2 protein chains.
Amino acid sequence: MPRVSCPKCNKVETIQKSGIVRNKQRFYCKDCNYNFTIHHESNKQKSKSKISNSLQTSLQDIAKAIGISVSTVSRALHNHPDISSKTKTAVQKLANELSYQPNALAQSLVTKSTHTLGVIIPNLETTFFSSMLSGIQHVAAKAGYRVVICQSDESHRTEVANVQALMNNMIDGLLLCHTLKTDTYDHIKIQMKRGIPIVQFYRVNNEVATSRVFCEDEKGAELITQHLIDKGCKRIALLLGPKEINISQKRKKGYLKILAKNKMVEDPELIAHVDFSQAEVVKAVDKWLALSKPIDAIFSISDKSAVQVIQYLKKKKISVPNTISVAGFGNEYTGEIIEPQLTTFDVKTVNIGEEAAKILLEKIINQDTSVKDITVKGKLIVRSSSMKK
Amino acid sequence: MPRVSCPKCNKVETIQKSGIVRNKQRFYCKDCNYNFTIHHESNKQKSKSKISNSLQTSLQDIAKAIGISVSTVSRALHNHPDISSKTKTAVQKLANELSYQPNALAQSLVTKSTHTLGVIIPNLETTFFSSMLSGIQHVAAKAGYRVVICQSDESHRTEVANVQALMNNMIDGLLLCHTLKTDTYDHIKIQMKRGIPIVQFYRVNNEVATSRVFCEDEKGAELITQHLIDKGCKRIALLLGPKEINISQKRKKGYLKILAKNKMVEDPELIAHVDFSQAEVVKAVDKWLALSKPIDAIFSISDKSAVQVIQYLKKKKISVPNTISVAGFGNEYTGEIIEPQLTTFDVKTVNIGEEAAKILLEKIINQDTSVKDITVKGKLIVRSSSMKK
DNA sequence: TTGTACGCGTTATCAG
DNA sequence: CTGATAACGCGTACAA
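So, how was this worked out
- The residue count restarts for each chain, going from 1 along the sequence in the order it is written.
- Numbering of ligands from 1 and lettering of chains from A proceed in the order in which they are written.
- The predicted origin of the model limits local features to residues at a pLDDT of at least 70 and limits the giving and counting of side-chain atom pairs to 80 or more, whereas totals for whole chains, interfaces and linings rest on all residues.
- With hydrogens and water excluded, all non-hydrogen atoms of the structure serve as input to the side-chain values.
- Runs of H or I in DSSP of at least four residues are treated as helices and runs of E of at least two as strands, each being numbered from the N terminus.
- Two residues form a contact once any of their heavy atoms are found within 4.5 Å.
- Reported accessibility uses the Shrake-Rupley method at a 1.4 Å probe radius. Residues are deemed covered only where the shown protein chains occlude them.
- Here's the idea: put two parts together, see how much 1.4 Å probe accessible area each one loses, and the total over both is what we call buried area.
- By salt bridge we mean one thing: a side-chain nitrogen of Lys or Arg within 4 Å of a carboxyl oxygen of Asp or Glu.
- The definition of a nonpolar core used throughout is a set of buried Ala, Val, Leu, Ile, Met, Phe, Trp, Tyr and Cys residues joined through side-chain atoms within 4.5 Å.
- For every residue, the accessible area (1.4 Å probe, protein chains only) is compared with the maximum for its type, and the residue is labelled buried under 20%, exposed over 50%, or partly exposed between those bounds.
- Any two strands with at least two DSSP-identified bridges between them are counted as paired.
- Think of it like this: strands point away, you trace from the first strand over the helix to the second, and a clockwise trace means the crossover is right-handed.
- Alignment of the copies relies on least squares applied to C-alpha atoms, considering only residues that score at least 70 for pLDDT in both.
- By the criterion applied in these results, polar contacts are pairs of N or O atoms within 3.5 Å in which, for protein atoms, one can donate a hydrogen and the other can accept it, and in which residues neighboring in sequence qualify only through two side-chain atoms.
- Working convention: axes come from line fits to C-alpha atoms, limited for helices to the stretch in contact. Angles between N-to-C directions cover 0 to 180 degrees.
- Any helix carries an expected span of 1.5 Å times its number of residues minus one.

Q: Give a description of the overall build of chain A that names residues and reports values.
A: A count of helical and extended segments in chain A gives 14 helices and 15 strands. A sequence separation of at least 24 residues applies to 67% of the contacts in chain A between residues at least 6 apart. About 18,500 Å² of surface is accessible on chain A, with carbon and sulfur atoms providing 52% of the total.

Have a look at this one:
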């Protein structure tokens, strides 16, 4: 038996083994009537090495410096009513001097709340999604929540990785706008079991039962189409995004509905699906320009592509709007800058962000697990790109 | 004495007190030679309530389900070579079934690393900063780091709050681009003591000794100014940002240097400071238009404002570039869309982001605390807004 | 009014 | 190959 001395009286001869607790030998000092186990380091050594270990001040550091317990420091810093004002001021003063900053990780580990919302958006190439962000941040800040943003870069893999990363206890709730390529939703389904609320916005999917915020996809497409017809357009080409995504489908539906209403026949040749890349847009337009029965309007369901269309037509010396009218969808900043200015449907991006954040916060704060669908009202914006003379 | 029974043999009569450990009464069972204390809940109850407590699967849950220890589970999941392939597969299978996701908070608390970079940018109103983000994300992703973004919204208070929030152990390093209004830097100085590396980019300050990434502010301004002079401009108005910020000062310096070089006199009336808001820009232009000695060029140190200038001049039926040439700085997307297209200095936003991220990662990975200044090379881009006929 | 003890979910260090 | 245990830094019943 190793030479063991009693931590209280330091005697050696009075020690006897007293069974094993949790695989550790317990000792008993007959003299002091004291049970103890041997630690690898003595407490004294520990407390020494602790202080200067990290560059970050901890509650421990403050507690030791003043000579009080950690919990008192914690409470003092939180302005707990039980703590005497004397200790409070002492603690707060020292905390300031040491520029104490709580370890958010440790806090969240205990409280199970980070006061942070996660947002995943496809891209920041245009100001389209970033203005949604503004709406989100505005609402979140009011409620005392932080916002962290991840860009999925229109890559499904990145979206999945971001969802995972954020949901691993970094955030209290997730706002999600899918990539154009997202076609499986298992990454969401898995996460939904964890009880962290999720809200899909703008580009949403029906497979997963989260709350959702839409814009007026169908209604907007109807208004745009009707407007073009009112301005005398007879052959309106439709530039859609990928077939699978909700947005393409709903806006196409609105377009077709209005064609039917005006007794115009649907021509499959006039409908193109693109990934919104410049190359595909140009290809689609070229195909239309080559048709024997010429088109007199192009309705793009994305402002970004509508701008590209205008630029391309201008390059080809085709008059917009007189030969071909152009309309977009979304109301992006660039639509105001291009010449002619772009007729479009304002989906109210800021409002979409606001609504999404509101719903999410409600879920978080009230532990509301209901599923809500909200549609944000938009507005037709007529500019010169569709005003044939 | 309350009725205490031995946890091992359940006998009561064999129990005797055996001193107090950490303020808790210890008991000793003579029969089993076993020391123990009374917990408020029995272990059995605890382990029961543990399992279904949270919606999130923990290592504990897996360990208990299989009947092995937490550490083994942890190692199995990390593919530690010590673990038998049998247990590995068992663990991994169960982990999958329970859709186990590690708690990133707890992980980081132990490892002191989040594998996350924080970025704070002033705004996302234009694509200027978001393209820097792309550069950052690209480099970060390659190194296996995540990126979280906070928008300071050009508000000093929000910047300070964001810095604090992120630095509280959420990130391994910070990339920072100040707001236009940031004029105190204590919030940075405090954080620098914590040993988390910080890199300032684009809008940087000299007061704080972090590494910095610049664009060619002075050189770019020189090139633009000289280009305007070469095109025949004699009275070049200069639209600057706030006086205090580095960028304004350095670009002004470049402008003045070229004036001097060309033996042109500096006219204080031709230099305006704005906050880049539409209102202030218009006001400045109006003032210039009212001068008795008319101007023939406007050099804005921000593309955003340059676009606003062009739009305003067009509205006033003033020909750009023939009456007044316009040049910007930055090379934003909108400069390609406006008509006439904007002459500008491409600061290579993507490269700035890449360089900043590279430096930061180097600091993190090699614990490099040196201070580096890097200037990213840019390029003059001549378009029609400055091509007088 | 303050301190003790415990737990949050991990990883790391020993000790078998 | 596996398990026990001690951190990580904090919040909080409970005890005193």
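Q: Describe the interface of chain B and chain A, naming the residues involved and giving the relevant values.
A: Chain B puts 56 residues into the contact, and the matching count from chain A is 57 residues. Across the chain B to chain A interface the summed buried area is about 5,300 Å²; carbon plus sulfur atoms make up 53%. Ranking the residues of chain B by area buried against chain A places B:Gln101, B:Leu105 and B:Ile337 at the top, with a combined share of 13%. The interface formed by chain B and chain A contains two salt bridges. Between B:Glu339 and A:Lys314 there is a salt bridge, with the nearest N and O atoms lying 2.6 Å from each other.

Q: Any details on the pattern of salt bridges? Residues and values, ideally.
A: Under the criterion given, the structure shown has 38 salt bridges over all chains. Close ionic contact of B:Glu218 with B:Lys253 constitutes a salt bridge, the shortest N to O distance being 3.9 Å. You can see B:Glu218 sitting in helix H9 (residues 217–230) and its partner B:Lys253 sitting in helix H10 (residues 246–261), a full 35 residues away along the chain. Each of the salt bridges in this network shares a partner with another, and the network as a whole consists of A:Asp186, A:Lys189 and A:Glu207.

Q: Can you break down the nonpolar core residue by residue, with the values?
A: With 156 residues, the main nonpolar core has A:Phe201, A:Phe299, B:Phe201, B:Trp288 and B:Phe299 as its most contacted residues. When neighbours within four sequence positions are excluded, A:Phe201 is seen to be in contact with A:Val119, A:Ile121, A:Met132, A:Ile136, A:Leu175, A:Leu176, A:Cys177, A:Val213, A:Ile352 and A:Ala356. Membership of the second largest hydrophobic core comes to 32 residues, among which are A:Ile120, B:Ala104, B:Met167 and B:Tyr185.

Q: How would you explain the pairing of strand E5 (residues 146–151) of chain B if you had to name every residue and give the values?
A: Residue and element names in this part refer to chain B. Within E5, five of the six residues are buried, leaving the element largely enclosed by the surrounding structure. Here strand E4 (residues 116–121) pairs with E5 via six bridges, running parallel. For Ile120, the partnering residue across the bridge sits in E5 and is Cys150. Of the crossover connections in this fold, the one passing from E4 over helix H6 (residues 127–142) to the parallel E5 is right-handed.

Q: Account for the relation of the copies chain B and chain A, with residues named and values stated.
A: The two copies are related by a screw motion: chain B maps onto chain A through a turn of 180 degrees and a shift of 0.0 Å along the axis, at an RMSD of 0.1 Å. Taken together, the rotation angle and the small translation identify this as a two-fold axis.

Q: I'd like a rundown of the side chain of B:Asp267, residues and numbers included.
A: All names here are of chain B. Turning to its location among the elements, Asp267 is positioned in the loop between H10 and strand E10 (271–273). With a relative accessible area of 18%, Asp267 lands in the buried category. At 3.2 Å, the side chain of Asp267 forms a polar contact with the side chain of Arg235. A distance of 2.9 Å separates a polar atom in the side chain of Asp267 from the backbone nitrogen of Glu269.

Q: Break down unusual backbone geometry for me, with residues and values.
A: Apart from glycine, the bulk of residues carry a negative phi angle, and the bulk of peptide bonds sit in the trans form. Residue and element names in this part refer to chain A. Here the residue pair Glu339 and Pro340 is connected by a cis peptide bond, since its omega of 0 degrees sits within 30 degrees of zero. One can find Pro340 in the loop between helix H13 (334–337) and strand E13 (344–346). One non-glycine residue, Asn169, lies in the positive phi region at around 70 degrees. As for its placement among the helices and strands, Asn169 is situated in the loop between helix H7 (156–167) and strand E6 (173–176). We classify Asn169 as buried; its relative accessible area is 15%. Although it is not a glycine, Tyr202 adopts a positive phi angle of roughly 60 degrees. Of note, Tyr202 is situated in the loop between strand E7 (198–201) and strand E8 (211–215).

Q: Describe the environment of A:Asn162, listing the residues and the values that go with them.
A: Residues and elements named next belong to chain A. Position of Asn162 among the secondary structure elements: in helix H7. Expressed as a C-alpha distance, the spacing of Asn162 and Ile381, which sit 219 residues apart in the sequence, is 35 Å. Not counting residues up to four positions away in its chain, the partners in contact with Asn162 are Ile120, Cys150, Gln151 and Ser152.

Q: If you had to explain the sheet that holds strand E11 (residues 297–300) of chain B to someone new, which residues and values would you point to?
A: Residue and element names in this part refer to chain B. In spatial order, the strands read E10-E9-E11-E12; together these four strands make up an open sheet with parallel pairing. Each of the sheet's edge strands pairs with one partner strand only, and the pair in question is E10 and strand E12 (325–327). When strand polarity is set aside, the average angle formed by the axes of neighbouring strands in this sheet is 15 degrees. Sheet topology places E11 next to E12; three bridges connect them, and they run parallel.

Q: Talk me through H7(A); I want residue IDs and the actual numbers.
A: Taking 1.5 Å per residue, 12 residues should reach 16 Å; H7(A) reaches 16 Å between its end C-alpha atoms and fits that length. Residues of H7(A) that are buried: A:Glu159, A:Asn162, A:Val163, A:Ala165, A:Leu166 and A:Met167. Among the structural elements, strand E4 (116–121), strand E5 (146–151), E6, helix H8 (186–192) and E7 of chain A together with E5 of chain B are those in contact with the buried residues of H7(A). A:Asn169 occupies a position one or two residues after H7(A) and carries a positive phi of about 70 degrees.

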